[in-house]
Amino acid sequence: MTQWKPQSADPAAQQMIDMLPQVDVRTAWDRFHSQQPQCGFGKLGICCRNCFMGPCRIDPFGGGPQEGICGATADVIVARNLLKDVCAGTAAHSDHGREVIKALHLAAEGRSDAYKVRGRGKLHKLAEEYGIARDGRSDEEVAKELAELLLGEFSKQDNILANVARAPEQQQKNWKAAEATPRGVDREVTTGMHMTHVGVDNEPEHLILAAARVALADGWGGSMIATDVSDVLFGEPQPLRSRVNLGVLKKDEVNILVHGHEPTLSEVIVAAAQDPELLAEAKAKGAKGINLAGICCTANEILMRHGLPIAGNFLQQELAVLTGVVDVMLVDVQCVFPALTEYQKCFHTKVISTSPKAKFPNATHVEFHEERAMETARRIVRIAIDNFGNRNPGLIRLPEIQEKLVAGFTTEVIHRILGGRYRPSYRPLNDGIQAGRLRGVAGVVGCNNPRFPHDEAHLAMVKELIRNEVLVVQTGCSAIACGKAGLMSPEAAFKFAGKGIQEICEAVGIPPVLHVGSCVDNTRILTACAEMVKEGGIGDSFDKLPVAGAAPEWMSEKAISIGMYFVASGISVVIGQPLPVEGSPFVTDLLTKQFDKYFGAVWHFESDPIKAAHWMIDIIDRRRADLGLPPPMYPVPYAPKTAAEVPQVHATAAGEAMAAVGSCPGRERIED
Ligand code: SF4
Ligand code: MSK
């Protein structure tokens, strides 16, 4: 029985939460509550179990031990722990990328019953970029060479990632000077994990710069490759309309929810759910059809390419099962609660795990292999059809709440819709920013976390940004939160945004909040920024663009990696709860202040979403002032501060203060 009342800004989620006392299940909110008070050492990052002389912990108040058994200080322990987090996040995103490449390779060799190259335009663009010959060759031959080349990006040893060349010159210089230029993805993760082993790297600054390098291997490597190859294999997203929230589930149809991250299986399930033979089987069981919807980032993947509806975000995974109408919850990897299978004791929902990497006690495991993708997908759809009749009508509580949204915005789509089909260009966007019609652009991304009222911080921050003329781009569960709140329809501009954004949205027909995809698709924000730099007039490097990033309700190691690659790429990021580094004033200062000297951007921690939005706007205004751009064209509720009032976050020209490399306590550098 729920003893503790969680809150959600989403009326459908709140409706489900309100009925929790009637059901005998525990949710993430209950478990969060029973974990209180949470471990302060863990929060501050000052516990270490990197060897088994330990575990050790540092007394943050100074009265107890200030070093572990091996002599590691709080600075070392905090820095090592953060590097480990970044390695885990990078590994997760990048392994996702590897799976998509393997599927492309199968498709190219004609060894798949389900995959083929659907994004020819993207294939040709990438072939040109990577120097793959196309003359006289089939798309499959080109795709095979591309897949092999990109797999090689994972196993590169000392050579740098090819996509580093996509970054502006200044970012490349910064990375070189900070020894943070990423090499092969697997190399960086392995070296990072080696560095954290007991008795290896013991210099906190060196560890943190290694974390930046690993994260850059994620952002400009594994994740960026995942996005590119998904576009080649499954087709490039286009703007499309869909619906979002628990109300997309249907009482009279077989409901299959896909949850997790990798699109390789969900893409095939989309086809299987439309198979006439399976539809006939569903009808024979009394269902009117087969309804496919998603949770978390798999949902974003099938939304972006097929317009399939989204049932909810991270903290709705359990609430979705509680509706009593989910016949199969199909899970692969990342962000899936192990608690889900417990619900099978009370509800008819079958949890089906599919990844060889992720098994769950009591789940039905139907292992997915790309070679037999369609066969597996059909088998899973049949399990759902067979389970439809097992619903308990007494347990059905389905909120009839859903919202319309427009999604499918990519770097290429923005290019096209702004400049038109025949003259794609970022010019109108840059012009809008230069003139002050748009103040800047913010990426608001990331998870839910029971530490915050569900969705509330996402909505408060995004509304504050758009009413102050900052266009917002979104991915992940943050995008789902804003979709549910109606912020992703073109009409939302007139309800929530400033006059400048309204004019742009009206002229181009876009919402004020653009859905650009799943967690790996945060790289679309990097490539869009690269296009803005190329177009010119608003800064010749990322650390000059009037842009900022945020993850107000983050919770995963992947989120740390994402934040780190944005900051290391010159885009300052504010997050809703601190990184677990505050046990080391040195590491905290390095990330929140000194990083500016390396990368032209910093981390910032702020739990109040309005204050966090204002911090982002201050960054944007500061960069506008540095570029000599005018203040916003129309009056804004949060007016630009004077130069004296704005914190000097961009104090030193990035890449020019590498003398600071020696700033680590007691460090002396002797180099040839
Ligand atoms: Fe303790 Fe050092 Fe071992 Fe960590 S590595 S557990 S600080 S002895
Ligand atoms: S799914 S990482 S809860 S955004 Fe990508 Fe959502 Fe965060 Fe998972």
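Residues numbered from 1 in each chain as written. Chains lettered and ligands numbered in written order. Predicted model: local features only at pLDDT ≥ 70, side-chain atom pairs only at ≥ 80, totals over all residues. Heavy atoms only, no water.

Some words on the site of ligand 1
At step 1: Taken together, Cys48, Asn50, Cys51, Met53, Gly54, Cys56, Gly68, Ile69, Cys70, Arg80 and Val198 make up all the residues around ligand 1.
At step 2: Here ligand 1 is seated within the second largest cavity.
At step 3: Residue composition of the shell around ligand 1, by class: seven nonpolar, three polar and one charged. (Near = heavy atom within 4 Å. 1 Å grid on protein atoms, 1.4 Å probe; cavity = no way out; pocket = protein on both sides within 12 Å on 5 of 7 lines; lining within 4 Å. Sits in = over half its atoms within 2 Å of the grid points. Nonpolar A, V, L, I, M, F, W, Y, C, P; charged D, E, K, R; others polar.)

What about the site of ligand 2?
At step 1: Neighbouring ligand 2 are 13 residues; His261, Cys335, Cys447, Cys477 and Cys519 lie closest to it.
At step 2: Taken together, the elements giving at least two residues each to the shell around ligand 2 come down to helix 12 (296-306) and helix 18 (476-484).
At step 3: For the shell around ligand 2, the per-class residue count stands at eight nonpolar, four polar and one charged.
At step 4: A domain-level breakdown of the shell around ligand 2 finds at least three residues from each of domain 2 (246-395) and domain 3 (411-645). (Helix = DSSP H or I, 4+ residues; strand = E, 2+ residues; numbered from the N terminus. Domains from an automatic or database assignment.)

Description of the packing of helix 11 (residues 276-284) against helix 14 (residues 373-388)
At step 1: Where helix 11 contacts helix 14, the axes come no closer than 10 Å and their chain directions differ by 10 degrees. As summarised for this structure, helix 11 and helix 14 are arranged roughly parallel, according to the angle between their axes. For the element pair helix 11 and helix 14, the recorded crossing hand is right-handed. Note on element contacts: helix 14 touches helix 11 through Arg378, Val381, Arg382 and Ile385, opposite Glu277, Leu278, Glu281 and Ala282.
At step 2: Of the residues assigned to the contact of helix 11 with helix 14, the class counts are four nonpolar, no polar and four charged. (Axes fitted to C-alpha atoms, helices over the stretch in contact; angles between N-to-C directions. Parallel < 35°, antiparallel > 145°, perpendicular 65-115°, else oblique. Left-handed = near helix turned anticlockwise from the far one by under 90°. Contact = heavy atoms within 4.5 Å.)

Thoughts on the domain arrangement of the protein
At step 1: Each assigned domain of the protein is listed with its residue range as follows: domain 1 (74-234), domain 2 (246-395) and domain 3 (411-645).
At step 2: The straight-line distance from the C-alpha centre of domain 1 to that of domain 2 is 30 Å.
At step 3: Facing the 17 residues of domain 1 at the interface are 18 residues of domain 2.
At step 4: Contact between domain 1 and domain 2 buries roughly 1,400 Å² in total, counting both sides, with carbon and sulfur atoms accounting for 54%. (Buried area = accessible area lost by both parts, 1.4 Å probe.)

Here's the deal with the side chain of His454
At step 1: Relative to the helices and strands, His454 resides in the loop between strand 11 (440-444) and helix 17 (456-467).
At step 2: Accessibility expressed as a relative area gives 0% for His454, which makes it buried.
At step 3: What His454 contacts, discounting residues up to four positions off in sequence, is Gln7, Ser8, Ala9, Asp10, Ala13, Trp29, Asn313, Leu315, Gln316, Asn448, Lys484 and Glu553. (Buried < 20%, exposed > 50% of the residue type's maximum accessible area, 1.4 Å probe, protein only.)

Brief notes about the packing of aromatic side chains
At step 1: Throughout the structure, instances matching the rule amount to eight aromatic pairs.
At step 2: Each residue in the set Trp175, Trp220 and Phe542 is aromatic and connected to the rest through ring pairs, giving one cluster.
At step 3: Lying over the aromatic face of Phe337, Arg31 brings its terminal NZ or CZ to 5.7 Å of the ring centre. (Phe/Tyr/Trp six-rings, centres within 6.5 Å; stacked < 30°, edge-to-face > 60°. Lys NZ or Arg CZ within 6 Å of the ring centre and 35° of its normal.)

With respect to helix 18
At step 1: Taken across its nine residues, helix 18 has nine buried, putting it largely inside the fold.
At step 2: Among the residues making up helix 18, those that are buried are Gly476, Cys477, Ser478, Ala479, Ile480, Ala481, Cys482, Gly483 and Lys484.

Examining the sheet that holds strand 14 (residues 547-551)
At step 1: Taken in spatial order, the six strands line up as 13-12-11-14-15-16 in an open sheet, and their pairing is parallel. Each edge of the sheet is formed by a strand with only one pairing partner; in this case those strands are strand 13 (513-517) and strand 16 (603-605). This sheet shows a mean twist of 25 degrees between the axes of neighbouring strands, independent of strand direction.
At step 2: Relative to strand 16, strand 15 (residues 573-575) runs parallel, the two sharing three bridges. Each bridged residue has a counterpart across the sheet, and for Val574 the counterpart in strand 16 is His604.
At step 3: Packed on one face of the sheet, helix 17 meets strand 11, strand 12 (470-475), strand 13, strand 14 and strand 15 and runs near 145 degrees to strand 12. (Pairing = 2+ DSSP bridges.)

Some remarks on the environment of Glu153
At step 1: Turning to its location among the elements, Glu153 is positioned in helix 6 (residues 139-155).
At step 2: Those residues in contact with Glu153 that lie beyond four places of it in its chain are Leu161, Ala162, Asn163, Gly184, Val185 and Ile225.

Focus: empty space enclosed by the protein
At step 1: If you walk through the whole model with that rule in mind, you get five cavities of 30 Å³ or more.
At step 2: By volume, the largest cavity amounts to about 380 Å³.
At step 3: Together, 38 residues line the largest cavity, and Val441, Ala442, Gly443, Val473 and Ile525 are the ones closest to its centre.
At step 4: Sorting the residues of the lining of the largest cavity by element identifies helix 15 (411-419), strand 11, strand 12, strand 13, helix 21 (522-535), strand 14, helix 22 (557-568) and strand 15 as the ones contributing at least two each.
At step 5: When residues in the lining of the largest cavity are grouped by element, the largest group, six residues, is from helix 21.
At step 6: A per-class count over the lining of the largest cavity returns 29 nonpolar, eight polar and one charged.
At step 7: Taken as a whole, the second largest cavity encloses approximately 90 Å³ of empty space.
At step 8: If you go around the second largest cavity, you meet 14 residues; those closest to its centre are Cys48, Cys51, Cys56, Cys70 and Arg80.
At step 9: Taken together, the residues that form the lining of the second largest cavity break down as nine nonpolar, three polar and two charged. (Points joined across faces, edges and corners; volume = space filled by probe spheres on them.)

A look at the environment of Asn159
At step 1: Counting through the fold element by element, Asn159 comes out in the loop between helix 6 and helix 7 (169-177).
At step 2: On the basis of relative accessible area, Asn159 is assigned to the exposed category, the value being 55%.
At step 3: Sequence spacing of Asn159 and Arg183 is 24 residues, and the spatial spacing of their C-alpha atoms is 5.6 Å.
At step 4: Ignoring sequence-local partners within four residues, the contact set of Asn159 consists of Arg183 and Gly184.

Focus on the pairing of strand 7 (residues 328-331)
At step 1: Residues of strand 7 alternate between two faces, with Val328 and Leu330 on one and Met329 and Val331 on the opposite face, all of them buried.
At step 2: Taken together, the four bridges between strand 4 (residues 254-259) and strand 7 define a ladder with parallel strand orientation. Bridging across to strand 7, Ile256 finds its partner in Val328.
At step 3: By the bridge criterion, four bridges tie strand 7 to strand 8 (residues 350-353) in an arrangement that is parallel. Note that in strand 8 the partner of Leu330 across the bridge is Ile352.

Focus on the side chain of Gln14
At step 1: Among the structural elements, Gln14 can be located in helix 1 (residues 11-18).
At step 2: In this structure Gln14 comes out as buried when scored by relative accessible area, which is 14%.
At step 3: If sequence neighbours within four positions are ignored, Gln14 has contacts with Lys5, Pro6, Gln7 and Ser8.

Things to note about the pattern of salt bridges
At step 1: One pass over the structure, following the stated rule, counts 48 salt bridges.
At step 2: In this structure, Glu109 and Arg111 form a salt bridge, with 2.8 Å as the shortest nitrogen-oxygen distance.
At step 3: Given a relative accessible area of 45%, Arg111 falls into the partly exposed group.
At step 4: Between Glu145 and Arg137 there is a salt bridge whose closest N-O contact spans 2.8 Å.
At step 5: On the accessibility criterion, Arg137 (30% relative accessible area) is partly exposed.
At step 6: Connected through salt bridges with shared partners, the residues Lys122, Lys125, Glu129, Arg166, Asp228, Asp231, Glu301, Arg305, Glu412, Asp521 and Arg524 form a single ionic network. (Salt bridge = Lys/Arg side-chain N within 4 Å of Asp/Glu carboxyl O.)

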